[in-house]
Amino acid sequence: GGGTEAKGRELGGRLGEDEMKTRSSTRTAGGEEEPRAQNEYLEVLKKRVEEARQRERDRGVFTRMRDFVDDILFKYNITSGLYMLDPWERVVFNLVALLVLLLVVFSGYRQVVFVLNFLS
């Protein structure tokens, strides 16, 4: 119908009318799914998954590494609440956090050296 075509155009025009059937639209009057429609639905899903996997394989190593780092930074900003800060505030916060981390590591290193010298 016209609504399905408009919905397909909203999704980039990549989907045909048959591909856009939902699981509920493949049910018969008795509530059982039509096997043919269900198989078509699964085939479309399998095809989309394989296309997505192929696109992922085709991407370069550096692009994937950059995306991985971007994802980690995004998660860090979201979980720590830094996304609410201005960029200069974020830099100040990260510098203070880095300084505290370095002092903890240095202090731990000094403590381990002290204990090892004490024991020997």
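Note that the structure is predicted; figures quoted are calculated from it, not measured. (Residues numbered from 1 in each chain as written. Predicted model: local features only at pLDDT ≥ 70, side-chain atom pairs only at ≥ 80, totals over all residues. Heavy atoms only, no water.)

1. Brief notes about the confidence of the model for the chain
Here's step 1: For the chain, per-residue confidence averages 82 on the pLDDT scale, and residues scoring 70 or more make up 71% of the total.
Here's step 2: The lowest-confidence element of the chain is helix α1 (residues 2-10), averaging 51 in pLDDT; the highest-confidence one is helix α4 (residues 87-119), averaging 96. (pLDDT = per-residue confidence, 0-100. Helix = DSSP H or I, 4+ residues; strand = E, 2+ residues; numbered from the N terminus.)

2. Some remarks on the side chain of N77
Here's step 1: For N77, the position within the fold is in helix α3 (residues 61-80).
Here's step 2: A relative accessible area of 19% places N77 in the buried class.
Here's step 3: With near-sequence residues (within four places) excluded, N77 lies in contact with L82, Y83 and R90. (Buried < 20%, exposed > 50% of the residue type's maximum accessible area, 1.4 Å probe, protein only. Contact = heavy atoms within 4.5 Å.)

3. Quick look at the environment of Y76
Here's step 1: Relative to the elements of secondary structure, Y76 occurs in helix α3.
Here's step 2: Accessibility expressed as a relative area gives 32% for Y76, which makes it partly exposed.
Here's step 3: Excluding residues that lie within four positions of it along the chain, Y76 makes contacts with L82, F93 and N94.

4. Structural notes on a nonpolar patch on the surface
Here's step 1: Among the surface-exposed residues, W88, V92, V96, V100 and V104 lie close enough to one another that they form a single nonpolar patch of about 500 Å² accessible area.
Here's step 2: The topology assignment puts V100 in helix α4. (Patch = residues over 30% accessible without salt bridge, like charges linked within 9 Å, V, L, I, M, F, W, Y side chains within 5 Å. Areas by Shrake-Rupley, 256 points an atom, 1.4 Å probe, with all protein chains shown as cover. Salt bridge = Lys/Arg side-chain N within 4 Å of Asp/Glu carboxyl O.)

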